[in-house]
Amino acid sequence: MMSERKITNNPNNREEQWRVIYENSPLGIELYDVKGGLIDANRACLDIFGIDDVSAVNGFMLFDDPNLSEQHKKDLREGKPVKQEIFFDFDKVKKDSLYPTSKQGTINLDLSISPLVSSDTGANSGYIVYVSDITLRKNAEAMLLEQKRFAEKVIDSSAVATFVLDRDHKVVLWNGACEELTGAGASEMIGSGDHWRPFYDHRRPTLADIIIDKKHETLPALYEKSNRSALVPDGIHAEGWYSNLNGKDRYIVFDAAPIYDSKNQLIVAIETLQDMTDYKRAEEDLEKRTQELIRSNAELKRFAHVASHDLKAPLLSIGGFAEVVEEKYGDRLDARGRMFLSRIIEGTARMENLINDLLAYAQVTTQARPFGPVNCDAVMGAVLSNLQSAIDESPAVIPYTDLPVVRGDETQLVQLFQNLVGNAIKYRRDAPPRIRVSAKPIAEPSTPGSQRPEEHVAVRGPQTGAGREWLFSVSDNGIGIDPRFFEQIFKIFQRVPPDEKKYPGTGIGLAICDKIVERHGGRIWVESGTGTGSTFYFTIRQQ
């Protein structure tokens, strides 16, 4: 507690004024005589050392203090002040019986010792010692140092190339990944301002330099592609190609940010570098392929126009003339002539079917509609309506229940289900066809070429679409398919029917199914055997 005695302005009371300051000083103060014998210590000093009363340390000699080095003792005797920080061990004090103390453990002390020299005679009349307990400060400094070392270790062991500049644009950290990327070693970089050398053939600022100088407005002039960070205050981003960076042309992405202290003063600027060369080349390759696909689709569109107009027009003329000849002159032809005419009419009909199928295949891409919610129950209703004549003729039984709502192209999904159900009706045995359509959500995406639907993990509970994709199946009791042809049947114009006349077609229906499923982000495959029926599986991803 502060003494109740007040400092006055009376010059005759200087001794009393000094005594008030001495007793109430937050600094520990010790007074020694000219021989180094302890005269007094203020309350703050006694509290630091855990001493109740100064009488407990009567007879303590300054020059016997083991914490003072011989050099410091020599300097004091010569009238020179000394200053030092010491690590003070109370347990050692007790062990050596230096004086009684109520404290234990260790503390850090800052000591400042000055000789008391007479202003009149210049002679040394004693010594004054100022003592401060700096344990909290030293602990905080140690913690900060440990944090700094940890941060440096994290950065140095990071797989992302990183360097750090101080306020003077000098490199203070250049991690291993940065060495590997640039070919410049940390030993030659740390402490220098040559961090620009691995990237440029002349001195120019890096992002970290721009941050230190606060010249963000120069960014567009220095980097072709750059911007201010939306997430990191004062952070900046840039990227571009760099020729012969450590022997290779590389596409580098730079990011830099400042590190401030508690007073918002810049401490360092940190910059990271990522080699995105493979990604950039893949992106450029993808862009090239996209442009090729756009050109291909444009050519496919032109082909579709040609197929629907230019190719069909002469074909219709041939077919029309052949029918006129058959109608007006058929009775005048002999059997051989009528056979040739019949083949012309059949050939033109097949050719027209082929062109129509080609047009349908092209339209999967050229006339694709945007995806939207599609109720597959409604899709099956449309399919059964379209196939009603074939169903009645078979007669086929086609149960389906609780099909999901998916995102897709409704017209194409009708075409997909109609092709699969239509094939199941067409490739039937003598018994009436039984065709079952079902769907379930699955937790894992389908494996290309997989023909084991049971390997997929089904999601239990109601069919809410909680899985990553829907697994649809269309199964029948028809003639089946030889496993040797599982891949072939999905290729355009590839057919493996047992009887061309009994099962006519162009071999394009399943190719259209494959293309529709692919557009919807899924896969299609079949499980079958000769004479055992078939099950076609396909997936549609949740989108």
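Look up a bit, the structure's there.
Computed from a predicted structure; not experimentally measured.

Quick notes on the rules
- Residues numbered from 1 in each chain as written.
- Predicted model: local features only at pLDDT ≥ 70, side-chain atom pairs only at ≥ 80, totals over all residues.
- Heavy atoms only, no water.
- Helix = DSSP H or I, 4+ residues; strand = E, 2+ residues; numbered from the N terminus.
- Buried < 20%, exposed > 50% of the residue type's maximum accessible area, 1.4 Å probe, protein only.
- Contact = heavy atoms within 4.5 Å.
- Areas by Shrake-Rupley, 256 points an atom, 1.4 Å probe, with all protein chains shown as cover.
- Axes fitted to C-alpha atoms, helices over the stretch in contact; angles between N-to-C directions.
- Parallel < 35°, antiparallel > 145°, perpendicular 65-115°, else oblique.
- Left-handed = near helix turned anticlockwise from the far one by under 90°.
- Nonpolar A, V, L, I, M, F, W, Y, C, P; charged D, E, K, R; others polar.
- Pairing = 2+ DSSP bridges.
- Phe/Tyr/Trp six-rings, centres within 6.5 Å; stacked < 30°, edge-to-face > 60°.
- Lys NZ or Arg CZ within 6 Å of the ring centre and 35° of its normal.
- Arc of directions from axis to C-beta.
- Polar contact = N/O pair within 3.5 Å; in protein donor to acceptor, adjacent residues only side chain to side chain.

Enquirer: Hey, could you run me through the overall build of the chain in this one?
Expert: In terms of regular secondary structure, the chain is built from 15 helices and 17 strands. Residues classed as buried in the chain amount to 39% of the 543 residues present. The long-range fraction of contacts in the chain, counting pairs at least 24 apart against all pairs at least 6 apart in sequence, stands at 56%. For the chain, the exposed area adds up to about 32000 Å²; of that, 51% sits on carbon and sulfur atoms.

Enquirer: Hey, could you run me through the packing of helix α12 (residues 376-386) against helix α14 (residues 410-426) in this one?
Expert: Two numbers describe a pair of packed helices, the interaxial angle and the distance between the axes. For the pair α12 and α14, the least separation of the axes is 9 Å and the interaxial angle reads 55 degrees. For the element pair α12 / α14, the angle class is oblique. For the pair α12 and α14, the crossing hand works out as right-handed. Residues Val379, Met380, Ala382, Val383 and Asn386 of α12 touch α14, and the partners they reach there are Glu410, Leu413, Val414, Phe417, Gln418 and Val421. Residue composition of the contact of α12 with α14, by class: eight nonpolar, two polar and one charged.

Enquirer: What am I meant to see in the sheet that holds strand β2 (residues 38-41) here?
Expert: Picture the strands of a sheet paired through backbone hydrogen bonds; they go either parallel or antiparallel. Taking strand neighbours across the sheet as the criterion, the five strands line up as β2-β1-β5-β4-β3 in an open arrangement whose pairing is antiparallel. Looking at the sheet topology across the chains shown, the edges are occupied by β2 and β3 (82-89). Across the sheet, the mean angle from the axis of one strand to that of its neighbour is 25 degrees, orientation sign disregarded. Pairing of strand β1 (residues 28-33) with β2 involves three bridges; the strand directions are antiparallel. Its bridge partner lying in β2, glutamate 30 is registered against alanine 41. Here helix α3 (residues 70-77) sits on the sheet in contact with β3, β4 (106-117) and β5 (124-133), set at roughly 140 degrees to β3.

Enquirer: Just to check I follow, could you spell out the packing of aromatic side chains for this structure?
Expert: Each aromatic ring pair is described using two quantities: the centre-to-centre distance and the angle formed by the ring planes. Under the counting rule described, the total for this entry stands at 18 aromatic pairs. Ring geometry for phenylalanine 63 versus tyrosine 127: centroids 5.6 Å apart, planes at 80 degrees, classification edge-to-face. Taken together, the positions of phenylalanine 63 in the loop between α2 (43-49) and α3 and tyrosine 127 in strand β5 put the pair 64 residues apart, joining distant regions of the chain. The exposure class assigned to tyrosine 127 is buried, which follows from its relative accessible area of 2%. The ring of phenylalanine 63 has arginine 77 sitting right over it, with the charged end atom 4.2 Å from the ring centre. The positively charged end of arginine 204 is found above the aromatic ring belonging to tyrosine 223, 4.9 Å away from the centroid.

Enquirer: Got a minute to help me understand the environment of proline 395 in this structure?
Expert: You can see proline 395 is positioned in the loop between α13 (388-393) and β13 (405-408). By relative accessible area, proline 395 is classed as partly exposed at 45%. C-alpha of proline 395 to C-alpha of alanine 431: the two residues are 36 residues apart in sequence and 9.2 Å apart in space.

Enquirer: Help me understand the sheet that holds strand β10 (residues 248-260) in this model?
Expert: Here six strands make up an open sheet; going across it, the order is β7-β6-β11-β10-β9-β8 and the pairing antiparallel. The open sheet terminates on both sides in strands that have one partner only, identified here as β7 (171-174) and β8 (225-228). Direction aside, neighbouring strands of the sheet carry axes that sit 25 degrees apart on average. In this structure, strand β6 (residues 161-166) lies alongside β7, joined through three bridges in antiparallel fashion. Within β7, the residue paired with phenylalanine 163 across the bridge is tryptophan 174.

Enquirer: Explain the packing of α14 against helix α15 (residues 509-519) to me, please; I cannot follow it from the model alone.
Expert: In contact at an axis separation of 9 Å, α14 and α15 are set at 145 degrees when each is read in the N-to-C sense. Judged by the sense of rotation from one axis to the other, the crossing of α14 with α15 is left-handed. In this structure, α14 contributes Gln412, Gln415, Leu416, Asn419, Leu420 and Asn423 to the contact, and α15 contributes Gly509, Leu510, Ile512, Cys513, Ile516, Val517 and Arg519.

Enquirer: Before we go on, may I ask you to explain α12 in this structure?
Expert: Structurally, the α-helix is built with 3.6 residues per turn, so residues lying three or four positions apart point the same way. Listed in full, the buried residues belonging to α12 are Cys376, Val379, Met380, Val383 and Leu384. Taken end-on, α12 shows its buried residues confined to a sector of 135 degrees, consistent with a single buried face. Contacts from the buried residues of α12 go to β12 (372-375), α13, β13, α14, β14 (436-442) and β15 (469-475). Among the residues of α12, the N-terminal cap falls to asparagine 375, whose side-chain oxygen and the backbone nitrogen of aspartate 377 are separated by 2.9 Å.

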